[in-house]
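Understanding the architecture of this molecule
Listed below are the residues making up each chain.
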Number of protein chains: 2
Amino acid sequence: MPHISNLGSRMPSSPIRKLAPLSAAAKKEGVKVYHLNIGQPDLPTPPQALEALKALERKTLEYSPSEGFSSLRKKLTGYYKRYGIEVSADEIIVTCGGSEAILLGLLSCLDPEDEIIMVEPGYANYISFAKTVHLSVKTVTSRIEEGFRLPPIEEFEKAITPRTKAILLCNPSNPTGYVYTPEELQKIKEIVVKNDLFLFSDEVYREFVYNGKPYLSAMQLGIPENVVMIDSVSKRYSECGVRIGMLVTHNREVHDTVMKFCQARLSPPLLGQIVAEASIEGTEDYARQCFEEYKARRDFFIKGLNEIPGVYSPMPEGAFYTVASLPVEDAEDFCKWLLTDFRLDGETLMMAPAAGFYSTPGLGKNQVRMAYVLKEEDLSRSLEILRAALAKYTSLR
Amino acid sequence: MPHISNLGSRMPSSPIRKLAPLSAAAKKEGVKVYHLNIGQPDLPTPPQALEALKALERKTLEYSPSEGFSSLRKKLTGYYKRYGIEVSADEIIVTCGGSEAILLGLLSCLDPEDEIIMVEPGYANYISFAKTVHLSVKTVTSRIEEGFRLPPIEEFEKAITPRTKAILLCNPSNPTGYVYTPEELQKIKEIVVKNDLFLFSDEVYREFVYNGKPYLSAMQLGIPENVVMIDSVSKRYSECGVRIGMLVTHNREVHDTVMKFCQARLSPPLLGQIVAEASIEGTEDYARQCFEEYKARRDFFIKGLNEIPGVYSPMPEGAFYTVASLPVEDAEDFCKWLLTDFRLDGETLMMAPAAGFYSTPGLGKNQVRMAYVLKEEDLSRSLEILRAALAKYTSLR
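Residues numbered from 1 in each chain as written. Chains lettered and ligands numbered in written order. Predicted model: local features only at pLDDT ≥ 70, side-chain atom pairs only at ≥ 80, totals over all residues. Heavy atoms only, no water.

1. Here we look at the overall build of chain A
Counting its secondary structure elements, chain A contains 13 helices and twelve strands. For 397 residues, the compact-globule estimate of 2.2 N^0.38 gives 21 Å, and chain A sits close to it at 21 Å. Each principal axis of the C-alpha distribution contributes one length, and for chain A these read about 60 × 60 × 55 Å. Of all 397 residues assigned to chain A, the portion counted as buried reaches 64%. In chain A, once contacts between residues fewer than 6 apart in sequence are set aside, the share between residues at least 24 apart is 76%. Surface exposure of chain A reaches about 13,900 Å², of which carbon and sulfur atoms provide 51%. Averaging the positions of the 46 positive and the 52 negative side-chain charges in chain A gives two centres separated by 3 Å. (Helix = DSSP H or I, 4+ residues; strand = E, 2+ residues; numbered from the N terminus. Rg over C-alpha atoms; globule rule 2.2 N^0.38 Å. Buried < 20%, exposed > 50% of the residue type's maximum accessible area, 1.4 Å probe, protein only. Contact = heavy atoms within 4.5 Å. Areas by Shrake-Rupley, 256 points an atom, 1.4 Å probe, with all protein chains shown as cover. Lys, Arg positive; Asp, Glu negative; His and termini not counted. Charge placed at Lys NZ, Arg CZ, Asp CG, Glu CD.)

As structure tokens, then:
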């Protein structure tokens with residue numbers, strides 16, 4: 001029998017989805033599971049986007065262009081303009097979710113053994129994509145006790161070697177919700193220019209910045225040849241399932257290289273593009289409502305978390321996640337136990353163990369990532385379950 | 001300015017899509033372009049699949065499971081059963097088109113420098129995916145004068161080294177339309193077993209076999225641990241744009257490894273899955289009509305091709321492509337010239353130069369791949385254009 005690749009055996013399981021079988025088993029028993037593990041918003045997709053789907057007159061669902069429909073890319077330029085980002089339609093490539101944008105961006109810019117610097121805790125799938133491309137990942141650690149702000153720039157400098165080719169930032173950050181300040185981004189810019197690096201900037205949570213300060217995109221840093229922006233309509237319009245993301249860059253060489261990979265996979269999803277295109281304009285009220293809703297959920301949820309004995313969460317300034325520390329030694333064990341053993345009136349909770357968001361072994365062991373994407377009533381119930389579960393779990397040990 | 005990866009610079013442009021800018025320029029001038037370059041069927045998607053989309057009651061277009069909806073996978077088991085393929089729903093993984101299935105299959109089974117054997121001419125994007133995974137591709141050559149039948153099995157044996165990990169077959173073949181016989185597949189099986197290889201079998205054209213003989217899937221060869229089947233609903237239901245493919249294997253280790261990559265990219269397209277699921281049952285009449293239509297087109301088109309002086313095409317037994325030789329030295333130059341210079345009453349033709357479907361430099365230079373996916377009237381006009389263009393092009397040289 002032939003065996004899988006070494007790469008395949010080294011690939012980590014997704015910390016967001018790896019407990020899914022336990023959750024499925026609990027549901028089979030009739031247990032209600034509150035999902036704080038995944039950034040799957042419960043807010044509706046803009047109705048006009050669903051309408052566009054129903055108004056579809058195509059008789060054949062054919063391939064779209066490898067770079068995505070130009071009508072969609074044109075609308076996106078208008079959207080970016082509203083955020084002070086000046087790009088043309090031919091600087092945008094439509095991808096199968098932000099995920100594909102990251103993978104193709106890495107493949108186009110870095111070779112095996114090249115080094116990429118990321119902040120930890122970071123979006124776990126970055127590591128998976130970096131492994132897929134055989135990159136060497138260097139992490140600099142942001143700390144819960146510092147609210148996960150940008151680590152001192154000296155940490156980045158220490159991580160740089162002759163093989164370093166890129167820095168990857170997620171801003172606002174998944175999983176911490178931290179929003180990098182213009183001053184922090186300025187420091188990143190300097191180090192990027194000094195070392196001639198690519199700066200991958202994942203900005204899919206741009207809409208969700210709650211600190212009242214203006215948001216600065218990496219595209220506004222004045223280093224057009226260095227920046228590769230990753231974007232997605234998934235969270236912004238609550239349409240994660242349509243799998244429409246974007247890779248945006250002023251760097252023509254990068255653009256044309258990404259396009260070669262895009263041609264090989266033929267085209268991004270046709271129907272998702274129709275939904276995405278219909279979501280961009282005339283949704284200002286929708287966006288405002290979503291923003292207010294998430295902000296209210298954040299305020300409610302983080303306050304509630306910090307009221308549970310032994311639990312600590314910084315106040316996230318953006319996105320809709322937080323990384324919180326729990327009064328347990330092994331958060332993964334606790335998360336599993338919640339799904340297999342703990343029930344509060346037939347209900348339980350699913351969270352993502354945060355260790356999977358760190359590269360450095362041992363870090364984040366007592367932390368979990370939670371997405372506050374549920375309605376307040378469900379968040380409230382989740383807090384009750386967490387409080388009761390922690391009391392029981394800690395009493396058992 | 002940072003530069004792209006070596007991998008990126010080595011990536012080939014798609015021979016199917018690389019002339020697209022020339023075609024776009026011609027269209028801008030008002031020229032009508034007949035597309036024989038790409039397997040984009042003009043047949044309608046099953047109406048019931050479009051209806052399913054319009055009947056959608058979801059308010060939020062959320063992520064689907066990383067492996068695809070179980071309802072879709074269950075329907076697929078019924079579909080496969082009709083073809084004598086026994087698989088369970090948990091042996092099927094839904095992917096973003098057959099393209100993603102190939103890429104994730106290769107990543108899961110082969111490491112950089114591992115060797116994979118393919119038949120040339122072969123589907124050009126296999127080479128792109130193999131390069132993405134840093135594989136070493138060995139090709140054995142099938143020949144137009146032999147109707148592109150399986151090369152002698154000794155050729156495969158000669159290509160095998162200690163690094164050989166897999167053979168990839170496309171059956172029926174894109175680009176040649178050849179359908180491997182049970183005897184040929186038996187020989188492949190022997191060599192696969194003897195050398196403990198994976199057999200990747202791309203069977204997306206299973207529906208379209210015109211030789212009246214029973215079709216044998218690699219899944220029926222009795223080597224369950226070796227076979228990874230690649231599949232897609234794209235061509236079968238004329239819904240290429242929905243990006244729904246499948247990776248099917250009895251090999252649990254491979255399945256579980258592919259799933260790790262699938263979790264990293266979160267989920268396959270939601271809307272495409274709804275369309276695909278609605279296409280599977282109750283479309284027997286639709287499938288028959290498509291089959292008859294393609295068969296008639298094949299008969300008409302291949303006959304017409306062989307009537308043009310200097311043109312030769314074998315009779316393809318399956319799929320909806322053919323590789324034909326033309327009375328020109330450099331088919332790529334001819335294909336470009338068609339788009340930039342040649343017009344017949346304001347119309348021209350786009351074909352894919354076949355050299356891009358060969359790995360061995362110099363092979364296929366006078367050949368083109370054509371997809372006979374247009375209605376007879378358009379195929380007829382394409383033949384007229386090709387005849388007139390060849391007469392003019394050869395007279396100019």
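2. Quick notes on the sheet that holds strand 5 (residues 164–170) of chain B
Residues and elements named next belong to chain B. One open sheet accounts for seven strands, arranged 2-8-7-6-5-3-4; its pairing is mixed. At either end of the open sheet lies a strand with only one pairing partner, and these are strand 2 (92–95) and strand 4 (136–141). Averaged over all neighbouring strand pairs, the angle between strand axes comes to 20 degrees, with direction disregarded. Inspection of the sheet shows strand 5 paired to strand 6 (residues 198–202) by five bridges, in the parallel sense. Residue pairing across strands places Ala166 opposite Phe198, the latter belonging to strand 6. Helix 8 (residues 182–194) rests against strand 5 and strand 6 of the sheet, and its axis sits at about 165 degrees to strand 5. (Pairing = 2+ DSSP bridges. Axes fitted to C-alpha atoms, helices over the stretch in contact; angles between N-to-C directions.)

3. A look at the confidence of the model for chain A
Per-residue pLDDT for chain A averages 96, and the proportion of residues at 70 or more is 100%. Scoring of the predicted complex yields 0.96 for pTM and 0.95 for ipTM. (pLDDT = per-residue confidence, 0-100.)

4. Here's the deal with empty space enclosed by the protein
One pass over the full model with this rule turns up nine cavities of 30 Å³ or more. Going through the elements one at a time, helix 5 (97–109), helix 6 (124–132) and helix 9 (252–264) of chain A together with helix 5 (97–109), helix 6 (124–132) and helix 9 (252–264) of chain B are the ones with two or more residues in the lining of the largest cavity. Its residues assigned to classes, the lining of the largest cavity comprises 15 nonpolar, six polar and six charged. (1 Å grid on protein atoms, 1.4 Å probe; cavity = no way out; pocket = protein on both sides within 12 Å on 5 of 7 lines; lining within 4 Å. Points joined across faces, edges and corners; volume = space filled by probe spheres on them. Nonpolar A, V, L, I, M, F, W, Y, C, P; charged D, E, K, R; others polar.)

5. Things to note about the packing of helix 5 of chain A against helix 6 of chain A
All names here are of chain A. Here helix 5 crosses helix 6 at 35 degrees, and the two axes come no closer than 9 Å. Here the hand of the crossing between helix 5 and helix 6 comes out right-handed. Each of Ser99, Ile102, Leu103 and Leu106 in helix 5 lies in contact with helix 6, whose residues at this interface are Tyr126, Phe129, Ala130 and Thr132. A per-class count over the contact of helix 5 with helix 6 returns six nonpolar, two polar and no charged. (Left-handed = near helix turned anticlockwise from the far one by under 90°.)

6. Some remarks on the sheet that holds strand 9 (residues 321–325) of chain B
Residue and element names in this part refer to chain B. On the basis of which strands lie adjacent, the open sheet formed by three strands has the order 9-12-11 and antiparallel pairing. Taken across any chain shown, the strands that pair with only one partner, and hence form the sheet edges, are strand 9 and strand 11 (352–353). With two bridges connecting them, strand 11 and strand 12 (residues 367–371) associate as antiparallel partners. Of the residues in strand 12, the one forming a bridge with Pro353 is Val368.

7. Here we look at the interface of chain A and chain B
Contacts between the two partners involve 80 residues from chain A, matched on the other side by 80 residues from chain B. Carbon and sulfur atoms make up 58% of the surface buried where chain A meets chain B, a total of about 6,500 Å² over both sides. Counting the contacts that link chain A with chain B gives zero salt bridges. Where chain A packs against chain B, one counts 42 residue pairs in polar contact (both at pLDDT 80 or more). Mapped onto the side of chain A that touches chain B, the elements with two or more residues apiece are helix 1 (6–10), helix 3 (47–54), helix 5, helix 6, helix 9 and helix 10 (270–280) of chain A. A per-class count over the side of chain A that touches chain B returns 37 nonpolar, 27 polar and 16 charged. (Buried area = accessible area lost by both parts, 1.4 Å probe. Salt bridge = Lys/Arg side-chain N within 4 Å of Asp/Glu carboxyl O. Polar contact = N/O pair within 3.5 Å; in protein donor to acceptor, adjacent residues only side chain to side chain.)

8. Remarks on the state of the cysteines
Under the defined criterion, the tally for this structure stands at zero disulfides over all chains. Left without a disulfide partner, Cys290 of chain A is nearest to the cysteine sulfur of Cys240 of chain A, which lies 12 Å away. (Disulfide = S-S within 2.5 Å.)

9. Topic: the pattern of salt bridges
Residues and elements named next belong to chain A. Going through the model one piece at a time under the given rule, you end up with 48 salt bridges over all chains. Across the pair Asp42 and Arg297 runs a salt bridge whose closest N-O atoms are separated by 3.0 Å. With Asp42 in the loop between strand 1 (32–35) and helix 3 and Arg297 in helix 11 (residues 284–307), the pair connects residues that are 255 residues apart, well separated along the chain. Assessed through its relative accessible area of 30%, Asp42 is described here as partly exposed. Classification of Arg297 by relative accessible area gives buried; the value is 2%. The residue Glu277 makes a salt bridge to Lys75 at a minimum N-O spacing of 3.4 Å. Placement of the pair is Glu277 in helix 10 and Lys75 in helix 4 (residues 70–82), with a sequence separation of 202 residues. The class of Lys75 is partly exposed, set by a relative accessible area of 24%. Linked through salt bridges whose partners overlap, the residues forming this network are Glu203, Arg206, Glu207, Asp231 and Arg236.

10. Here's the deal with the pairing of strand 8 (residues 245–249) of chain A
All names here are of chain A. Burial runs high along strand 8: five of the five residues are buried. Of the two faces of strand 8, the one carrying Gly245, Leu247 and Thr249 and the one carrying Met246 and Val248 are both buried. Looking at chain direction, strand 2 (residues 92–95) and strand 8 are connected through four bridges and run antiparallel. Looking at the pairing, Ile92 lines up with Val248 of strand 8.

11. A look at helix 5 of chain A
In this model helix 5 of chain A runs 19 Å from its N-terminal to its C-terminal C-alpha over 13 residues, within 8% of the 18 Å that 1.5 Å per residue would give. For helix 5 of chain A, the buried fraction is high: 13 of the 13 residues fall into the buried class. (Expected span 1.5 Å × (residues − 1).)

12. Focus: the side chain of Glu120 of chain B
Residue and element names in this part refer to chain B. Relative to the helices and strands, Glu120 is located in strand 3 (residues 115–120). This buried residue, Glu120, is left without a salt bridge; Arg143 holds the nearest opposite charge, at 7.1 Å. Among the polar contacts listed, one links the side chain of Glu120 to the backbone nitrogen of Ser359, at a separation of 2.6 Å. Contacts of Glu120, omitting those with residues within four sequence positions, involve Thr139, Val140, Thr141, Ser142, Phe357, Tyr358, Ser359, Thr360 and Leu363.

13. Quick look at the side chain of Arg206 of chain B
All names here are of chain B. Looking at the element boundaries, Arg206 is found in the loop between strand 6 and strand 7 (227–232). For Arg206, a relative accessible area of 2% gives the class buried. In this structure, Arg206 is in contact with Tyr79, Tyr80, Tyr83, Ile85, Pro172, Tyr215, Met229, Asp231 and Arg236, ignoring residues within four places of it in sequence.

14. Section: the relation of the copies chain A and chain B
Between the two copies, chain A and chain B, the superposition gives an RMSD of 0.0 Å; the rotation angle is 180 degrees and the shift along the axis is 0.0 Å. Both copies are brought into coincidence by an operation consistent with a two-fold rotation axis. Across chain A, the rotation axis passes nearest the C-alpha of Lys54 of chain A, at a separation of 2.3 Å. (Least-squares fit on C-alpha atoms with pLDDT ≥ 70 in both.)

15. Focus: the environment of Glu183 of chain A
All names here are of chain A. You can see Glu183 is positioned in helix 8 (residues 182–194). The exposure class of Glu183 is exposed, given its relative accessible area of 55%. For the pair Glu183 and Leu216, spaced 33 residues apart in sequence, the C-alpha separation works out to 10.0 Å.

16. Focus on the packing of aromatic side chains
Inspection of every chain in the model, using the stated rule, returns 34 aromatic pairs over all chains. Pairing Tyr178 of chain A with Tyr180 of chain A gives two aromatic rings, centres 5.3 Å apart and planes at 70 degrees, and the pair type is edge-to-face. A relative accessible area of 6% means that Tyr180 of chain A is categorised as buried. Plain terms: the ring middles of Tyr294 of chain B and Phe320 of chain B are 4.8 Å apart, the flat faces sit at 40 degrees to each other, and that makes the pair tilted. With Tyr294 of chain B in helix 11 (residues 284–307) and Phe320 of chain B in the loop between helix 11 and strand 9, the pair connects residues that are 26 residues apart, well separated along the chain. Assessed through its relative accessible area of 1%, Tyr294 of chain B is described here as buried. Note on Phe320 of chain B: relative accessible area 0%, which makes it buried. (Phe/Tyr/Trp six-rings, centres within 6.5 Å; stacked < 30°, edge-to-face > 60°.)

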